[in-house]
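Below are the chains, spelled out letter by letter.
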Amino acid sequence: MSYLEFGAIPLQVNPDLQEERDQASFHVTELTHIIDGGAEKTQLRKRLEKLIYSDPDFRRFPDVRTFGTKSEFYGASVLKSIKLFQLRKEHQWTDEESDIVHSLVDHGHALGLHHAMFIPALERLATDEQKAKWLTIAKQYKILGTYAQTELGHGTYLQGLETTATYDPGTQEFILNTPTISAMKWWPGSLGKSSNYAIVLATLITRGKRHGMHPFVVQLRSLEDHQPLPGIKVGEIGAKMGTLSTDNGYLILNNIRILRENMLMKNAQVSPDGTFTASAPNQANYATMVLLRVRISEFAYTNISKAVTIGIRYSAVRRQSKLDPEEKEAKILEYQTQQYKLFPGLALAYAILFSTKLLKKKYREAQTEIMKGNLQSLPELHCETSGSKAFCTEHMLKEVEIIRQSCGGHGYLAASGIGMMTSSSAPLVTVEGENTVMYLQVARYLLKRFSNAKSGEQIEGCTSYLSMNHAPYLCPFLSEKDCRNLSSLCDVYRYRAFIVISRVVRTVQTDIKDGLPQHDAFNKNLVHLVRAARAHCYFNVVKDFAEAVKELDASIQICTVLISLCCFFAVHGIVENSGDFLQTQTIGVEQLKWLKNLQTSLLAEIRPNAVALVDAFDYHDITLTSALGSYDGNAYERLYQSTEKDSMNSQEVHSSYHTYLKPFIQEMNKAKL
Ligand SMILES: CCCCCCCCCCCCCCCCC/C=C/C(=O)SCCNC(=O)CCNC(=O)[C@H](O)C(C)(C)COP(=O)(O)OP(=O)(O)OC[C@H]1O[C@@H](n2cnc3c(N)ncnc32)[C@H](O)[C@@H]1OP(=O)(O)O
Ligand SMILES: Cc1cc2nc3c(=O)[nH]c(=O)nc-3n(C[C@H](O)[C@H](O)[C@H](O)COP(=O)(O)OP(=O)(O)OC[C@H]3O[C@@H](n4cnc5c(N)ncnc54)[C@H](O)[C@@H]3O)c2cc1C
């Protein structure tokens, strides 16, 4: 074959990958059904996949992302939004169907915030009357909106937001203003160029008094020509590390008058004469963020499962160096160190999958009550969603980067798909509540629950272990074999969390007793508080994974492989955080030795099913958009083929040659002569 023909992609699956599939101990489809939530859900996903990928534009979008300019990509991203909205309308997709489609078509699209936040905010923060007005036209795409909360000066501290909405009883209008440079809205997605409406979060002022952050529906651009309305300055904030599909924007409001009815009044009301009444705590207005924290946890699953699919498939077809000098070069997946790079991400994907399935169920139940006005479950829900968002995105980002490195040099190419995943995953630790801040919210809840438990209250929910009558702790691992027991592993995590939490509570209390003001005592212990929150979240994820596996209605083969994976997830977490486990004496040095041995034994145990475990995620090649991780494993041919798509290769000689290089070469050659 001449080198010019190398680009042809073989019709058959790479034999190295086929070999992996042949040795799987379980039926991949059975596991795919579990992941999707049932065979009928898999069928639904496949149906939607077929519909979407029969459209040439949807097949083309990933290439524009990889090889296009920022502006081309934004244009394609607007087209993607429009197509998705049209399809949603035409097929009357439910939210579930729409979510499936979004998980297929590379989440970002220009108007993504319309369904991600604008509509959810209207659903959660508007009165029924307001919903009839705004939600109806938002769902018909007559208006296209976003969620504008963060300002240049404040993202985390919502009480510090400076945008004002001052009520004028004379005209029964609110006047919205951006009083300082730090008050301008900065970051909201879909704001820069795409949306014509926004829910603007502003400090409400009525009768001369400030009443905290409230939501207001504001029209930003003309529905005729998309020009910003008078008094509104809006634009794109500039180039970012990734997430290029979204036009994150800035917004300056100069005496913008909106009707009194444009304040979303489910939780607080301003009457025509300017009287303020609150029917719910101010934190009820944070409801949209709570939802997004659940969805971002799910998104962490999407990212880590895609990344590890690429990493493991590529490692099964890439051969480098010899293990046995008498044999041919080994698949890099054979190296224990490579497994050590990939399998923590694999186990994490399944851990997040099962844990977020449970979180979503709890969210739905709590949200139903909240919508009826029963806010009792809100603090627990806030703790669980904040903790999940922080834990899932923190671990996902760490593992995605390790997996990228596991692909060697080719992992750095855009065509690998994985480099972009690192940059698009990066903001998830910041958006919707920066992770440290989220962990500190968890810690705040833990402290409260701990003192409730101390005063004899029976604690329910995710912190129920704080009120357990803790008998003297005995490490359940009496031999290496015991370390495989999922219940024992959960016990070890539970005690670690309990001890870390109780220690930080004691330290904070002692500092306060010694005369430190409460806020100083807190700040002196913030690092330990985050540690306590992390220990709590780790325990919950391990427990969720272990319980899901225990309750699984599946073949023995699937149960066996998932038990190994869950065991690996828990053991790996102890080894990685062994300082904490040793210091809390939840394990001893002998147990750590066993756990380290078990960790490497489990690598070998998982190895034969590694490809099948990622195949079960069942990503379509277009969804994956990776030359390294495609289903057929023909990585080199796909990499070479991808070079054709690069505009640099559209001409043999680049125009810069004529402008710069040619005169230089001529000059140099002249000088030589
Ligand atoms: C593009 C997608 C297409 C659509 C398809 C759908 C697919 C979706 C997949 C998702 C993919 C992800 C895409 C990425 C999109 C990113 C978009 C990003 C959006 C944003 O970032 S929006 C802005 C987010 N901003 C924040 O999160 C701000 C963080 N700050 C806060 O939340 C709070 O300020 C705070 C929690 C840090 C502090 O709160 P507060 O000021 O009130 O002060 P306190 O700490 O004193 O708290 C007082 C008490 O209130 C409780 N509390 C706090 N928050 C809540 C809450 N949310 N719910 C309930 N209770 C809450 C505290 O615990 C305190 O209670 P206590 O009893 O007094 O202790
Ligand atoms: C890609 C992207 C998309 C976004 N989309 C939107 C959107 O659609 N709508 C919107 O309104 N916003 C959006 N945002 C903004 C986002 O919500 C904020 O960036 C986020 O909430 C963090 O706030 P911050 O940037 O002010 O960080 P900061 O709070 O300034 O954080 C900086 C550092 O300070 C630390 N810190 C801050 N406060 C505390 C504290 N109390 N205790 C301890 N440490 C603290 C943090 O841990 C962090 O290390 C987006 C941001 C990005 C990057």
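Quantities reported herein were computed from a predicted structural model and do not represent experimental measurements.

Draft legend 1. Summary view of the packing of aromatic side chains. All told, the structure shown has 17 aromatic pairs when counted by the stated rule. Judged by centre distance (6.1 Å) and plane angle (40°), the rings of Phe450 and Phe498 are tilted. Separated by 48 residues along the polypeptide, Phe450 in helix H13 (residues 435-454) and Phe498 in helix H14 (residues 486-513) bring together distant segments of the chain. Note on Phe450: relative accessible area 8%, which makes it buried. On the basis of relative accessibility, which here comes to 16%, the residue Phe498 falls in the buried class. Taken together, the ring pairs connect Phe354, Phe391, Tyr493, Tyr538, Phe545, Phe569 and Phe581 into an aromatic cluster. The aromatic ring of Tyr631 is capped on one face by Arg21, whose charged end is 3.6 Å from the ring centroid.

Draft legend 2. The arrangement of the side chain of Lys389 in detail. Mapped onto the elements, Lys389 comes out in helix H11 (residues 378-406). Buried and unpaired, Lys389 has Glu434 as its nearest opposite-charge partner, separated by 7.5 Å. Within the structure, Lys389 has its side chain in polar contact with the backbone oxygen of Val431 (distance 2.9 Å).

Draft legend 3. Main features of empty space enclosed by the protein. Overall, the coordinates contain 4 cavities of 30 Å³ or more when judged by the stated rule. Empty space within the largest cavity amounts to approximately 180 Å³. Lining the largest cavity are 16 residues, and of these Ser355, Glu384, Ser388, Asn540 and Asp544 sit closest to its centre. Taken together, the elements giving at least two residues each to the lining of the largest cavity come down to helix H10 (336-371), H11 and helix H16 (526-550). Of the residues that constitute the lining of the largest cavity, the class distribution is 7 nonpolar, 5 polar and 4 charged. In this model, the second largest cavity occupies a volume close to 60 Å³. Lining the second largest cavity are Tyr53, Phe58, Phe61, Pro62, Arg65, Lys80, Leu104, Val105, Asp106, Ile622, Thr623 and Thr625. The set of elements that each furnish at least two residues to the lining of the second largest cavity consists of helix H4 (56-67) and helix H21 (621-624).

Draft legend 4. Expanded view of the site of ligand 2. Gln149, Thr150, Gly155, Thr156 and Glu434 are the nearest of the 19 residues found near ligand 2. Interatomic distance of 2.7 Å between a side-chain N/O atom of Thr150 and a nitrogen atom of ligand 2. Gly155 places a polar main-chain atom, nitrogen or oxygen, 2.9 Å from an oxygen atom of ligand 2. Taking 970 Å² as the accessible area of ligand 2 by itself, protein coverage stands at 64%.

Draft legend 5. Expanded view of the pattern of salt bridges. A full pass over the atoms with the stated rule returns 41 salt bridges. Asp57 is paired through a salt bridge with Lys83; the nearest N and O atoms lie 2.9 Å apart. Within this pair, whereas Asp57 is found in helix H4, its partner Lys83 is found in helix H5 (residues 70-91), the two being separated by 26 residues in sequence. The partner of Glu369 in a salt bridge is Lys372, with the nearest N and O atoms 3.2 Å apart. A relative accessible area of 29% means that Glu369 is categorised as partly exposed. For Lys372, a relative accessible area of 61% gives the class exposed. Beyond isolated ion pairs, a larger network of salt bridges with shared partners links Glu19, Glu20, Lys331, Glu334 and Arg607.

Draft legend 6. Region of the structure containing the domain arrangement of the protein. Examined at the domain level, the protein breaks down into domain 1 (116-280) and domain 2 (286-458 + 476-614). If you average the C-alpha positions of domain 1 and of domain 2, the two centres end up 36 Å apart. Listed per partner, the contact involves 18 residues of domain 1 and 17 residues of domain 2. For the domain 1 and domain 2 pair, buried surface summed over both sides reaches about 1300 Å², with 69% attributable to carbon and sulfur atoms. Summed over the shared surface of domain 1 and domain 2, the result is 0 salt bridges. Summed over the shared surface of domain 1 and domain 2, the result is 1 residue pair in polar contact (both at pLDDT 80 or more). Ranked by residue count, the leading element in the side of domain 1 that touches domain 2 is helix H7 (residues 112-125), at 7 residues.

Draft legend 7. Geometry of the site of ligand 1. Taken together, 30 residues lie near ligand 1, and Thr156, Gln283, Gly433, Arg444 and Lys448 sit nearest. At 3.2 Å from a nitrogen atom of ligand 1 is found a side-chain nitrogen or oxygen belonging to His382. For ligand 1, the protein covers 82% of the area, taking 1400 Å² as the surface of the free molecule. Only H7, helix H9 (287-317), H11 and H13 provide two or more residues apiece to the shell around ligand 1. A total of 6 residues in the shell around ligand 1 trace back to one element, the largest contributor, which is H9. Here the residues of the shell around ligand 1 are counted per class, giving 12 nonpolar, 13 polar and 5 charged.

Rules and cut-offs
- Residues numbered from 1 in each chain as written.
- Chains lettered and ligands numbered in written order.
- Predicted model: local features only at pLDDT ≥ 70, side-chain atom pairs only at ≥ 80, totals over all residues.
- Heavy atoms only, no water.
- Phe/Tyr/Trp six-rings, centres within 6.5 Å; stacked < 30°, edge-to-face > 60°.
- Helix = DSSP H or I, 4+ residues; strand = E, 2+ residues; numbered from the N terminus.
- Buried < 20%, exposed > 50% of the residue type's maximum accessible area, 1.4 Å probe, protein only.
- Lys NZ or Arg CZ within 6 Å of the ring centre and 35° of its normal.
- Lys, Arg positive; Asp, Glu negative; His and termini not counted.
- Salt bridge = Lys/Arg side-chain N within 4 Å of Asp/Glu carboxyl O.
- Polar contact = N/O pair within 3.5 Å; in protein donor to acceptor, adjacent residues only side chain to side chain.
- 1 Å grid on protein atoms, 1.4 Å probe; cavity = no way out; pocket = protein on both sides within 12 Å on 5 of 7 lines; lining within 4 Å.
- Points joined across faces, edges and corners; volume = space filled by probe spheres on them.
- Nonpolar A, V, L, I, M, F, W, Y, C, P; charged D, E, K, R; others polar.
- Near = heavy atom within 4 Å.
- Areas by Shrake-Rupley, 256 points an atom, 1.4 Å probe, with all protein chains shown as cover.
- Domains from an automatic or database assignment.
- Contact = heavy atoms within 4.5 Å.
- Buried area = accessible area lost by both parts, 1.4 Å probe.

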